[in-house]
Amino acid sequence: MGERDDPGVIGRRVQRLRVERGLTQKQLAEPVYTPAYISTLEAGRVRPSDEALRHLAERLGVAFDELATGRPARLPTELRLRLTEARRVLAVGDAEAAAEQYAELLVEAETHELADERAAALLGLGECALETGELVAGRQYFERAEACLADAPLPVRVPALRGRAVAHYLAGELRYAVYLLESTLDELNRGGLHDPDALLLLYASAIGPYMDMGAHARAAQAAEFALALAPRAGDPALVARMHRSVARTLLAEGRLAEADASLAKAAELYRTLQLRTELANCHWMRGYVYAQNGRLERAEDELREALRMLSAKRATLYSSQVAVELADVLHRRGSSAEAAALLHGVLGDLSSERGAVHSAAAHRLLGIIAEDARDTERAEEHYVRALSLLERAGAAGDLADLCRLLGDLLRRTGRVEAALDAYRTGLGHRTAPGTTTLGPAPAQPPL
């Protein structure tokens, strides 16, 4: 039950509804109260008891909550129905349209002081911002959602925590992203809060930062946990559509509790659809592992599947990151021209603030391709650009390898002192304590 309005507001509401229905104060009061009590109440000089409000609500033909708060009884369920529709729009890949719907819902939820619906709208806006690459705005939406849910159990807060971590990761803040994800995982697993959806979100989101930090074993383990936890549904979109239709029918009949139950099922299925972005990360990780083991054909298949899933969601930033990994495999398979075309096609979507590590990887690979073509000047430009991006992101493991490539290029072109400086820089990153190692792994789920 929401907070009750003050007596003056309730009094004016009672008077307006009474007049609209053509009732006198005596007719409204009978048989329990007196016309004088109704007059005093309408003037705002008395705070009505719950019993009095229930009597008045029955006489006026409105719900108790609506009379006490001014909020139509159907409003929360109607907002949840529209939130489910916005989630559907986001799940099928139209982040901009979904953001418009979430923004309208946020205004209504704040106007009527509906905390749960406000948090859901903020989470939706954050997810839309991640899809479109607006990382600062996304992080702010997730922080606001987290504040709304401050008193909720940890599994309920996980989507906001995970969203904030992903925003930091995509901005190049790898260590902080891993800290947020691992500390939440540890708290969930050690506390026995084995919520499958919450765990799946966290493990799938940790794969990218693990990979970029060189923690490949931990990334592989996270991918296997995520795939084991992934919910299975034949066609969640069809089932969700059915639940939405049922909810509309129940809402029209005034069966609010049953409508809410159908909406909850639909929302869960749309969350499953949204997890395609996360599950694409698992295919990405598998492709990476196959590539490391020299199984390039399998690696290409996995990475193309990840790219297909992400492109279908119009997840531009994520798609660009996987495209860089795929280009590396294509280059190693002898398709350098296709790899270069793929890299040039995605560089516009990457920058030091959006996917810095993969932007550096794209420049690194373009440098290698340029070297193979004997274009040393262009190769050096790409290597230097990659070096700047990696230093900003703190991806030390990749920095060491890049310094070796740059040093070799400088040495072959006769610049021995510059080459030695590059090698020294690489050795410093390789030997720096803690650059590619993390603390103890978080507690594991009981799979």
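Residues numbered from 1 in each chain as written. Predicted model: local features only at pLDDT ≥ 70, side-chain atom pairs only at ≥ 80, totals over all residues. Heavy atoms only, no water.

Engineer: Sorry if this is basic, but what is going on with the overall build of the protein chain here?
Structural biologist: On a plain count of helices and strands, the protein chain comes out with 22 helices and 0 strands. Taken across its 447 residues, the protein chain has 50% of its residues classed as buried. As presented, the protein chain carries roughly 20300 Å² of accessible surface, and 50% of it is formed by carbon and sulfur atoms. (Helix = DSSP H or I, 4+ residues; strand = E, 2+ residues; numbered from the N terminus. Buried < 20%, exposed > 50% of the residue type's maximum accessible area, 1.4 Å probe, protein only. Areas by Shrake-Rupley, 256 points an atom, 1.4 Å probe, with all protein chains shown as cover.)

Engineer: When you look at a negative patch on the surface in this model, what are you seeing that I'm missing?
Structural biologist: Together, Glu96, Glu100, Glu104 and Glu134 make up a negatively charged patch on the protein surface. Position of glutamate 104 relative to the elements: it lies in helix α7 (residues 95–111). (Patch = residues over 30% accessible without salt bridge, like charges linked within 9 Å, V, L, I, M, F, W, Y side chains within 5 Å. Salt bridge = Lys/Arg side-chain N within 4 Å of Asp/Glu carboxyl O. Lys, Arg positive; Asp, Glu negative; His and termini not counted. Charge placed at Lys NZ, Arg CZ, Asp CG, Glu CD.)

Engineer: Please clarify how the packing of aromatic side chains should be interpreted in this entry.
Structural biologist: We describe a pair of aromatic rings using the distance from one ring centre to the other and the angle between the two ring planes. What the rule picks out here adds up to 3 aromatic pairs. With 4.9 Å between their ring centres and 55° between their planes, tyrosine 203 and phenylalanine 225 make a pair best called tilted. Of this pair, tyrosine 203 sits in helix α12 (residues 196–212) while phenylalanine 225 sits in helix α13 (residues 216–229), and the two are 22 residues apart along the sequence. (Phe/Tyr/Trp six-rings, centres within 6.5 Å; stacked < 30°, edge-to-face > 60°.)

Engineer: Would you explain the packing of α7 against helix α8 (residues 115–132) in this entry?
Structural biologist: Packed helices, taken two at a time, are described by their axes: the angle between them and the distance between them. At a minimum axis separation of 8 Å, α7 and α8 run at an interaxial angle of 155°. On the basis of the axis angle, α7 is roughly antiparallel to α8. Handedness of the α7/α8 crossing: left-handed. Between α7 and α8, the contacting residues are Ala95, Glu96, Ala98, Ala99, Tyr102, Ala103, Leu105, Leu106, Ala109 and Glu110 on the first element and Glu117, Arg118, Ala120, Ala121, Leu122, Gly124, Leu125, Cys128, Glu131 and Thr132 on the second. Its residues assigned to classes, the contact of α7 with α8 comprises 13 nonpolar, 2 polar and 5 charged. (Axes fitted to C-alpha atoms, helices over the stretch in contact; angles between N-to-C directions. Parallel < 35°, antiparallel > 145°, perpendicular 65-115°, else oblique. Left-handed = near helix turned anticlockwise from the far one by under 90°. Contact = heavy atoms within 4.5 Å. Nonpolar A, V, L, I, M, F, W, Y, C, P; charged D, E, K, R; others polar.)

Engineer: How do you make sense of the nonpolar core when you look at a structure like this?
Structural biologist: Inside soluble globular proteins, nonpolar side chains tend to come together where they are buried. In this structure, Leu130, Leu170, Tyr203 and Leu343 are the most contacted members of the largest nonpolar core, which totals 91 residues. Once residues within four sequence positions are removed from consideration, leucine 130 is found in contact with Leu135, Phe142, Arg162, Gly163, Val166, Ala167, Leu170 and Tyr318. (Core = buried A, V, L, I, M, F, W, Y, C linked by side-chain atoms within 4.5 Å.)

Engineer: Any chance you could explain the confidence of the model for the protein chain here in plain terms?
Structural biologist: The predicted coordinates ought not to be read in detail in places where the model reports low pLDDT. Summing up the model confidence of the protein chain, the mean pLDDT is 82 and the portion of residues at 70 or higher is 83%. Looking at the elements of the protein chain, mean pLDDT is at its lowest for helix α14 (residues 236–252), recorded as 60, and at its highest for helix α9 (residues 135–148), recorded as 95. Taken together, the stretch residues 431–437 has pLDDT below 50 and engages in 9 contacts with residues farther than four places along the chain or on a different chain. (pLDDT = per-residue confidence, 0-100.)

Engineer: I keep staring at the pattern of salt bridges and nothing clicks. Help me out?
Structural biologist: Any two side chains of opposite charge can pair, on the condition that their charged atoms come close. Overall, the coordinates contain 26 salt bridges when judged by the stated rule. A salt bridge links arginine 304 to glutamate 300; the shortest N-O distance between them is 2.9 Å. Of the two residues, arginine 304 and glutamate 300 both sit in helix α16 (residues 296–312), 4 residues apart, roughly one turn of that helix. Exposure remark for arginine 304: the relative accessible area of 34% places this residue in the partly exposed category. The salt bridge partner of arginine 304 is glutamate 338, with a shortest N-O separation of 3.2 Å. Separated by 34 residues along the polypeptide, arginine 304 in helix α16 and glutamate 338 in helix α18 (residues 336–346) bring together distant segments of the chain. You can call glutamate 338 partly exposed: its relative accessible area is 40%. Beyond isolated ion pairs, a larger network of salt bridges with shared partners links Arg364, Asp401, Arg404, Asp408 and Arg411.

Engineer: I keep staring at the side chain of glutamate 182 and nothing clicks. Help me out?
Structural biologist: Of note, glutamate 182 is situated in helix α11 (residues 174–190). Look at glutamate 182 and you get buried, because its relative accessible area is 12%. There is a polar contact of 2.4 Å between the side chain of glutamate 182 and the side chain of tyrosine 210. (Polar contact = N/O pair within 3.5 Å; in protein donor to acceptor, adjacent residues only side chain to side chain.)

Engineer: So what exactly am I meant to see when it comes to the environment of arginine 54 here?
Structural biologist: The residue arginine 54 is located in helix α4 (residues 50–60) in this model. Take arginine 54: its relative accessible area is 45%, and that puts it in the partly exposed class. Taking the C-alpha atoms as reference, arginine 54 lies 9.2 Å from aspartate 65; in sequence the two are 11 residues apart.

Engineer: Sorry, what's going on with α12 here?
Structural biologist: Every α-helical turn comprises 3.6 residues, leaving residues that sit three or four positions apart pointing alike. In a regular helix each residue adds 1.5 Å, so 17 residues correspond to 24 Å; α12 covers 25 Å between its end C-alpha atoms and thus fits that length. The largest bend in α12 amounts to roughly 25° and is located at alanine 206, with the proline proline 209 lying one to four residues further along. Between a side-chain oxygen at the N-terminus of α12 and the backbone nitrogen of alanine 198 the separation is 2.9 Å; the capping residue is aspartate 195. (Expected span 1.5 Å × (residues − 1). Bend = angle between axes of the 7 residues up to and from the residue.)

Engineer: Would you mind going over α8 with me for this structure?
Structural biologist: Taking 1.5 Å of rise per residue, 18 residues should cover 26 Å, and α8 covers 26 Å from first to last C-alpha, within 8% of that figure. Of all 18 residues that make up α8, 14 are buried, and the element is covered over most of its length. Trailing α8 by a residue or two, glycine 133 shows a phi angle of about 85°, which is positive.

Engineer: How should I be thinking about unusual backbone geometry in this particular structure?
Structural biologist: With the exception of glycine, the majority of residues adopt a negative phi angle, and the majority of peptide bonds are in the trans configuration. Of note, the amide linkage connecting glutamate 30 to proline 31 takes the cis form, showing an omega dihedral of -5°. Of note, proline 31 is situated in the loop between α2 (25–29) and α3 (35–42). In this structure, arginine 374 is a non-glycine residue whose phi angle is positive, near 70°. Mapped onto the elements of the fold, arginine 374 is located in the loop between α19 (356–372) and α20 (376–393).

Engineer: What am I meant to see in the side chain of serine 320 here?
Structural biologist: Mapped onto the elements, serine 320 comes out in helix α17 (residues 316–332). With near-sequence residues (within four places) excluded, serine 320 lies in contact with Val346, Asp349 and Leu350.

Engineer: Please clarify how the environment of alanine 226 should be interpreted in this entry.
Structural biologist: Secondary-structure assignment places alanine 226 in helix α13. For alanine 226, a relative accessible area of 0% corresponds to the buried category.

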